[in-house]
Amino acid sequence: MFDAIDQPRAQDGRAPDVFRPGAWVQMRCYDDSEQVDFAIVGTGAGGGTLAAKLAEAGFSVVAFDAGPFWRPLEDFASDEAAQGDLYWTDERISGGADPIQLGSNNSGRGVGGSTVHYTMIALRWRPDWFKSRSKLGYGRDWPLSFEELEPYYEEAEESLKISGPVRYPWGKRRKRYPYREHPVNASGLVLARGCERIGIDWSPLPLATLSAPRGMAHPCVYRGFCKYGCSTNAKQSVLVTFVPRAIAAGAEIRDLAMVGRIEMGKDGRATGVSYNRRGKWRQQKARHVVVAGYAIETPRLLLNSACPEFPDGLANDNGLVGTHLMTHSGPGVWGVLDEEIRSYKAPPCMAGTEHWNYSDEGKDFHGGYAFMSQGPLPTDWAQTLAARGLWGAALRQEMTRYNHTAGLVLVGETEPQAHNRVELADEKDQYGLRIPRVTFSYSENDRRLIEHGRKSMHQVLAAGGAHQLWDTHDTSHLMGGCRMGDDPKDSVVDADGRTWAIPNLWVCDGSLFPNSGGVNPSLTIQALACRIGDRIAEMAKRGELDR
Amino acid sequence: MPKPVPEPSRRPLIAVGLGGIAAAGLIGAAAWKLWRRAEPADPGKAAERGLRAGAAILSLAVLLDSGIEHYRGEFKNPAMFVAPTLALATLGMTAVEDEAAPYVFSAALAVGAAGVGFHSYNIGKRAGGFDMLNLFYAAPLGAPAALSLAGLFGLAAEHPGIAAPARIAPVAALALLGTAAEAGLLHFRGAFQNPFMFAPVTLPPLAAAVTAASSVSPEAAQVARPLLLGTALLGIAGPIFHSYGIHRNMGGWHNWSQMILQGPPLPAPPAFLGIALAALGLLPALERRG
Amino acid sequence: MSGFKTPYPDYDVLKKWDTPSWNEQTRAVIKRRLDEIPERRFLSEDEWTLLEAIAARLMPQPEREAPVPIVPWIDEKLAEDRRPGYRYVGMPPMREAWRQGLAGIAGEARERHGTDFRDLEPDAQDALLGAVQRGEIDGRQWGDLPADRFFSELLLKEIVAVYYSHPAAWSEIGFGGPASPRGYVRLGLDERDPWEAEEQHV
């Protein structure tokens, strides 16, 4: 696994074949001086997906990732501690009244981004959330409707062969998931039992891990290390789906290549990117630049690319870059069961309820939340107990109840607030780039939502048979920072991800989100990327791309 | 309709499928030759032989399948030993002449039916009840019926007077439909990821329809033979396909201790062979009725 | 700590070493963890032994003749400056935080008891650590370091992470351990694969 960190693997006309140990696939490579159609910064849910779409549409594409190009079958050990390199661990400063835990919690580093270690939950936005201001009276409207994104949800689900229930209880009537649901593990069954006893719906979660073979990818073996890299390729991460597609369609993936700056021409258009690979700064020329570094690195790169024409950072004339950062509140409730749970088996989150995403009855707050069953592995679990204040003999004894513990964790919507934001600190990282400072505080509404969610989870978990319940608090996911909108005055990009200020500069990742919804964001990011890919191809056909 | 999305990787599924069919064809042709060579001239004897062979194969399939599945279920309920034990006894009774045979076959008939009841009770009490999740992964609803069928075929072989071929043919047809339905459910669970997974949900129902018709129409009986032979072939091809399925899962056969349980079930498809053989045995009698 | 009981006294996850549950890459990682304990590189001798004394209270293993090594792995992480990817406002970078934090605990012991932390009775050590956890500290010993945050975000978190990365710890909690290529089949309530730990009901 270690050579992937030291040496680029994708170069000299070839890239790792993620499906065959030791094998390579041919990859088209571009010269730095060759002006490619698109330079994409980041290869995760946004950038990796878009790279495939654009390459398949016939554009020349180079996609950069600061991290390595893993070979999942060979590199990934079944071990929490050994897999730390999957996360973005460059220094960041986290502040505000409710500072967010960054690092392994919500970042990825490497080709495929955080989809390499995500929990694979693939849920659609509640249709109303796209117009939450006009329909539900809070948050912000998207410049898109659910109906506009719906075919792209379907495309993303098809591309990932989502394994989902035959009947999903919530949302608009939908086409059947490409693959069937997985069996639900014990911790999921506790949630199911609890929900049924209090009379609300639950469902096996649609997951981006295979329940049946697909090409060279194996179906899931329920090994439970999903958050530490899938060693079987059952997980339909971008690394084993869109990235191979992108390469097959002629895109170049450049691993261990940290983009530090977007280069600007005198005409106010981007001319390419400066990136650091093997300790050397180089420049790639491009007709268009897409930033897809997720909600912290995307604003950071735009801000770090400030130049005389754009002294406050690129696309930041209205000062909105980095603002309205959102996370999902993640209070957790845990308890002990008489039965053996052994939640280390199978994907961590197999069952969930979106009841409070779709039912607004009796809420004393705006917004929604889902909660899911959980499957922490030992060090993760020990740290959770430590955060509860346990240590010494008490902690060690409590850990022996690991196999009898089950819990629920919320994915709670938070409001977009201007003061929750990404800025640049004065401190610099190993590349000499200013590091990001992230500020986050919950709103009053966020807190009421958390309280409500906590009560619901207590109810369900107790009804599910757990006793001695106790609480944790955490967050998950990041969204916003370069929000999309209809009005150049109060958004950074338009509905196609194109920055208002610079016509050949685009954003394609979770930072586009105007609101945060109450479900995991990756599927929506990938649907957006699929749509942006199609939109760019359409615009190119009509000659509107190089306006 | 959504646009088809490009696949990130491919396997030569068609070639593998054709190879599996070819291998099954070779085995099947050799077996069929032997079977035909020893075919009794008397249609009644032919029927008895077919039913006995069918009962034997079904018993063997149930023995292995319930043995493996109940092992997966950790034999939590002592009643879980009943099915494999009885299947073994049934298998024995098909091989030797024994006066206990009718009792064993009757017991198989009854226990199979009780098994369906047990399994539905088990599904009903789970979270989700009779939803797809439990139909996919909980105790299989229809599987115990195969034990009943083995018992029934065994009894029919012993009492040709009561169980005339014309009466047994519709039962065999129903059994084929049931088995096809179970294969359909499980292959649906597998998202029909390999086109050959459609075979057991297309050919056997067709064979079932024509077999049922054979009880009233000798012409249908003639059409039934090739369809039943095809169905029998599926019963042989199935385990070949399924062993490839285990091979292509994570860890392949090296990971047998997981994949024998989680991979495609090896002993399930031979149920088609058992039923088809029984039905094939009935055909000479049915053909002559006209 | 004499009272520590595991429900899995007969389970040893290492017995699965040669089974399909373990693959080459995992064996390589765990082999290193068991056999190649890092030498001291970052901490001073004094800091090292202090941290050992602290770890012995936060993660006590009195029943083990050879306790699971903790400090060497923390030292290695510090030597390689492998950071968690963020630090809270008010916290210095990781290495400084550890240096300041250890000095804080040492100073706190001298201030309160007039002696070295290592020489305190276990109860007194526990009481002192509890005070640090709650932030009830003498500000002069800590500089600008928030003691409670150091305790929970770095000190305790790292110590438990190192301990529960060790196969001996997996065995005592009945964790299945490495699982590739073989994962699990029996996923439901009270269901156990033959290659999982069997709980002893007492």
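None of the values given here were measured: they were computed from a predicted structure.

J.: I would appreciate a short explanation of the overall build of chain B in the present structure.
T.: Counting its secondary structure elements, chain B contains 11 helices and 0 strands. Reading chain B from its N terminus to its C terminus gives the helix and strand order α-α-α-α-α-α-α-α-α-α-α. On C-alpha atoms alone, chain B measures out to a radius of gyration of 19 Å, which is about the 19 Å that the 2.2 N^0.38 rule sets for 290 residues. For chain B, the spread of C-alpha atoms along the principal axes amounts to about 60 × 45 × 35 Å. A total of 290 residues make up chain B; the buried ones form 49% of that total.

J.: Explain the UniProt feature "domain: Glucose-methanol-choline oxidoreductase C-terminal" (unreviewed entry) in chain A here, please?
T.: Cross-referencing UniProt, the feature "domain: Glucose-methanol-choline oxidoreductase C-terminal" (unreviewed entry) maps to residues 416-529 of chain A in the present numbering. Secondary structure across residues 416-529 of chain A divides into 25% helix and 25% strand, with the first and last C-alpha atoms of the span separated by 22 Å.

J.: How should I be thinking about the interface of chain B and chain C in this particular structure?
T.: Often, the extent of an interface is quoted as the loss of accessible area on bringing the components together. Taken together, the contacts link 12 residues of chain B with 14 residues of chain C. Surface buried jointly by chain B and chain C totals about 1000 Å² across both partners, of which 50% is contributed by carbon and sulfur atoms. For the pair chain B and chain C, the number of links is 0 salt bridges. At the junction of chain B and chain C, the tally comes to 8 residue pairs in polar contact (both at pLDDT 80 or more). Residue assignment for the side of chain B that touches chain C shows that the elements contributing at least two residues are α2 (43-72) and α10 (256-262) of chain B. With 4 residues, the top contributor of residues to the side of chain B that touches chain C is α10 of chain B. Considered class by class, the residues forming the side of chain B that touches chain C number 3 nonpolar, 6 polar and 3 charged.

J.: Looking at this structure, I do not really get the UniProt feature "transmembrane region" (unreviewed entry) in chain B. What am I missing?
T.: Residues and elements named next belong to chain B. UniProt annotation of "transmembrane region" (unreviewed entry) refers to residues 12-31, 102-123, 135-156, 227-246 and 266-286 when read in the numbering used here. Helix makes up 95% of residues 12-31 and strand 0%, and the two end C-alpha atoms of the span are 29 Å apart. Secondary structure across residues 102-123 comprises 100% helix and 0% strand; the distance between its end C-alpha atoms is 32 Å.

J.: What am I meant to see in the pattern of salt bridges here?
T.: Pairing between side chains of opposite charge can happen when their charged atoms approach one another. Residues and elements named next belong to chain A. Scanning the entire structure with this criterion turns up 79 salt bridges over all chains. For Lys53, the salt bridge identified is with Glu155, shortest N-O distance 2.6 Å. Of the two residues, Lys53 sits in helix α2 (residues 47-56) while Glu155 sits in helix α5 (residues 146-159), which places them 102 residues apart along the sequence. According to the relative accessible area criterion, Lys53 is buried, its value standing at 9%.

J.: Could you clarify how one ought to interpret empty space enclosed by the protein in this entry?
T.: Where empty space is left in the structure can be found by rolling a water-sized probe over the atoms. All names here are of chain A. A complete count under the given rule lists 9 cavities of 30 Å³ or more for this structure. Roughly 110 Å³ of internal volume is contained in the largest cavity. Surrounding the largest cavity, 13 residues form its lining, Arg124, Tyr168, Trp170, Gly171 and Tyr358 being those nearest its centre. Here the residues of the lining of the largest cavity are counted per class, giving 8 nonpolar, 1 polar and 4 charged. Quantified by volume, the second largest cavity comes out at close to 80 Å³. Together, 14 residues line the second largest cavity, and Thr209, Cys220, Arg223, Cys226 and Cys230 are the ones closest to its centre. Residue composition of the lining of the second largest cavity, grouped by class: 9 nonpolar, 3 polar and 2 charged.

J.: Help me out: how do you make sense of the nonpolar core in this one?
T.: Nonpolar side chains tend to gather and get buried jointly when the protein is soluble and globular. Phe38, Ile40, Phe69 and Ile262 of chain A together with Ile105, Phe117 and Leu155 of chain C are the most contacted members of the largest nonpolar core, which totals 248 residues. Residues contacting Ile40 of chain A, with those up to four places away along its chain left out, are Gly47, Leu50, Ala51, Leu54, Val61, Val62, Ala63, Phe64, Val290 and Ala292 of chain A. Val62, Leu176, Ala183 and Ala221 of chain B belong to the second-largest nonpolar core, a separate cluster that totals 52 residues.

J.: What should I look at first to understand unusual backbone geometry in this one?
T.: A negative phi angle characterises most non-glycine residues, just as the trans form characterises most peptide bonds. That bond from Ser180 of chain C to Pro181 of chain C is cis: its omega, 5 degrees, falls within 30 degrees of zero. If you trace the backbone, Pro181 of chain C turns up in the segment after α7 (167-173). Here Ala315 of chain A, not a glycine, exhibits a phi torsion of approximately 60 degrees, which is positive. Of note, Ala315 of chain A is situated in the loop between α8 (294-304) and β13 (326-329). Its relative accessible area of 4% is what places Ala315 of chain A among the buried residues. One non-glycine residue, His324 of chain A, lies in the positive phi region at around 55 degrees. With respect to the helices, strands and loops of the structure, His324 of chain A is situated in the loop between α8 and β13. Here His324 of chain A falls in the buried class, since its relative accessible area comes to 10%.

J.: How should the sheet that holds strand β5 (residues 93-95) of chain A be read in this particular structure?
T.: Adjacent strands of a sheet pair through backbone hydrogen bonds, lying either parallel or antiparallel. Strand order in the open sheet made by the 4 strands is β18(A)-β19(A)-β5(A)-β1(C), with mixed pairing throughout. Taken across any chain shown, the strands that pair with only one partner, and hence form the sheet edges, are β18 (421-428) of chain A together with β1 (87-88) of chain C. Relative to strand β19 (residues 434-439) of chain A, β5 of chain A is paired through 3 bridges, and the arrangement is parallel. Pairing of Ser94 of chain A across the sheet is with Val438 of chain A, part of β19 of chain A. Docked against the sheet, α8 of chain A engages β18 and β19 of chain A, running at close to 65 degrees with respect to β18 of chain A.

J.: What is the right way to read the side chain of Arg225 of chain B from this model?
T.: Residues and elements named next belong to chain B. Structurally, the position occupied by Arg225 is in helix α9 (residues 218-248). For Arg225, a relative accessible area of 19% translates into the label buried. Here the side chain of Arg225 touches Glu287 through a polar contact of 2.9 Å, side chain to side chain. Not counting chain neighbours up to four residues away, the residues in contact with Arg225 comprise Arg36, Leu280, Leu283, Pro284 and Glu287.

J.: What's the story with the interface of chain A and chain C in this structure? I'm lost.
T.: On the side of chain C, 68 residues touch chain A, which itself brings 61 residues to the contact. Where chain A abuts chain C, roughly 5000 Å² becomes buried across the two surfaces, and 56% of that area is made up of carbon and sulfur atoms. On the chain A side of the contact with chain C, Lys345, Trp391 and Arg396 of chain A bury the most area, a combined 18% of that side's loss. A salt bridge links Glu196 of chain C to Lys345 of chain A; the shortest N-O distance between them is 2.8 Å. There are 33 residue pairs in polar contact (both at pLDDT 80 or more) connecting chain A and chain C. Broken down by secondary-structure element, the contributors of at least two residues to the side of chain A that touches chain C are α3 (72-75), β5, α6 (186-198), α10 (378-387) and α11 (392-399) of chain A.

J.: Explanation requested: the packing of aromatic side chains in the structure shown.
T.: Each aromatic ring pair is specified by the distance between its two centres and by the angle formed by the two planes. Residue and element names in this part refer to chain A. This structure, assessed with the given rule, holds 36 aromatic pairs over all chains. Ring plane angle 70 degrees and centroid distance 5.9 Å describe the contact between Trp125 and Trp142, whose orientation is recorded as edge-to-face. One end of the pair, Trp125, is in the loop between β5 and α4 (132-136); the other, Trp142, is in the loop between α4 and α5, with 17 residues separating them in the sequence. With respect to burial, Trp125 and Trp142 carry one shared label: buried. Taken together, the ring pairs connect Trp125, Trp129, Phe130, Trp142, Phe146, Tyr153 and Phe513 into an aromatic cluster. Across the ring face of Trp24, the terminal group of Arg71 is positioned such that the distance to the ring centre comes to 4.6 Å.

J.: What exactly am I supposed to notice about the side chain of Arg64 of chain C here?
T.: Relative to the elements of secondary structure, Arg64 of chain C occurs in the loop between α2 (45-58) and α3 (71-79). Within the structure, Arg64 of chain C has its side chain in polar contact with the side chain of Tyr163 of chain C (distance 2.8 Å). Setting aside anything within four residues of it in sequence, one finds Arg64 of chain C in contact with Arg396 of chain A together with Tyr163, Ala168 and Glu172 of chain C.

J.: Where do I start with the environment of Ala370 of chain A in this structure?
T.: Residues and elements named next belong to chain A. Residue placement: Ala370 occurs in strand β16 (residues 369-373). By relative accessible area, Ala370 is classed as buried at 0%. Between the C-alpha atoms of Ala370 and Glu451, which are 81 residues apart in sequence, the distance is 13 Å. Those residues in contact with Ala370 that sit more than four places away from it in its chain are Thr353, Glu354, Asn357, Val409, Leu410, Val411 and Gly518.

J.: Just checking my understanding: could you explain the packing of α6 of chain A against helix α12 (residues 444-463) of chain A for this structure?
T.: Packed helices, taken two at a time, are described by the angle their axes make and the gap between the axes. Residue and element names in this part refer to chain A. Closest axis-to-axis distance for the α6/α12 pair is 7 Å, and the angle between their directions is 105 degrees. Classed by the angle they form, the pair α6 and α12 counts as roughly perpendicular. Along the contact surface, α6 presents Val190, Leu191, Gly194, Cys195, Arg197 and Ile198, while α12 presents Gln459, Val460, Leu461 and Ala463. Split into classes, the residues belonging to the contact of α6 with α12 amount to 7 nonpolar, 2 polar and 1 charged.

J.: Teacher, can you tell me more about the state of the cysteines here?
T.: Here, the word disulfide means a covalent bond between the sulfur atoms of two cysteines. Residue and element names in this part refer to chain A. Under the criterion given, the structure shown has 0 disulfides over all chains. Distance from the sulfur of Cys226, which forms no disulfide, to the nearest cysteine sulfur (Cys220) is 6.0 Å. The thiol sulfur of Cys230 is not disulfide-bonded, and the nearest other cysteine sulfur, from Cys226, lies at 6.6 Å.

Reading guide: rules and limits
- Residue numbers here run from 1 along each chain, matching the order of that chain's written sequence.
- Each chain is given a letter, starting from A, and each ligand a number, starting from 1, according to the order in which they appear as written.
- For this predicted model, a pLDDT threshold of at least 70 governs which residues receive local features, and a threshold of 80 or more governs which side-chain atom pairs are given and counted, while totals over whole chains, interfaces and linings are taken from all residues.
- Heavy atoms from the whole structure form the basis of all side-chain values; hydrogens and water molecules are not counted.
- Secondary structure elements follow DSSP: runs of H or I of four or more residues count as helices, runs of E of two or more count as strands, with numbering from the N terminus.
- Two things to know: the radius of gyration comes from C-alpha atoms, and the globule rule equals 2.2 Å times the number of residues to the power 0.38.
- Relative accessibility thresholds used throughout: buried, under 20% of the residue-type maximum; exposed, over 50%; partly exposed, between the two (1.4 Å probe, protein chains only).
- UniProt positions are given in the numbering used here, feature names are shortened, and annotations may be inferred rather than shown by experiment.
- Here a residue-residue contact requires only that any non-hydrogen atoms of the pair lie within 4.5 Å.
- Two parts placed together each lose some accessible area under a 1.4 Å probe, and the buried area is that loss summed for both.
- A carboxyl oxygen of Asp or Glu within 4 Å of a side-chain nitrogen of Lys or Arg is what we treat as a salt bridge.
- Under the rule applied, a polar contact is a pair of N or O atoms within 3.5 Å (in protein, one hydrogen donor and one hydrogen acceptor; residues adjacent in sequence only if both atoms are side-chain atoms).
- Under this grouping Gly is polar, as are all residues other than the nonpolar Ala, Val, Leu, Ile, Met, Phe, Trp, Tyr, Cys and Pro and the charged Asp, Glu, Lys and Arg.
- Definitions used for this entry: grid spacing 1 Å over protein atoms alone; cavity, a set of points where a 1.4 Å probe fits but cannot get out; pocket, an open set with protein on both sides within 12 Å along at least 5 of 7 lines; lining residue, one with an atom within 4 Å of a point.
- Grid points are joined across faces, edges and corners, and a volume is the space filled by probe spheres set on the points.
- The nonpolar core is taken to be a set of buried Ala, Val, Leu, Ile, Met, Phe, Trp, Tyr and Cys residues, with the residues joined through side-chain atoms within 4.5 Å.
- In this description, strands pair whenever DSSP reports at least two bridges between them.
- Inter-axis angles, ranging from 0 to 180 degrees, are taken between N-to-C directions of lines fitted to C-alpha atoms, where helices are fitted over the stretch in contact.
- Side-chain rings of Phe, Tyr and Trp, where Trp is taken by its six-membered ring, are said to pair if the distance between their centres is within 6.5 Å; with planes under 30 degrees apart they count as stacked, over 60 as edge-to-face, and otherwise as tilted.
- Definition used: whenever NZ (Lys) or CZ (Arg) falls within 6 Å of the ring centre and also within 35 degrees of the ring normal, the charge is taken to sit over that ring.
- When an angle is under 35 degrees it counts as roughly parallel; over 145 it counts as roughly antiparallel; between 65 and 115 it counts as roughly perpendicular; any other value is oblique.
- What counts as a disulfide here is a pair of cysteine sulfur atoms lying within 2.5 Å.

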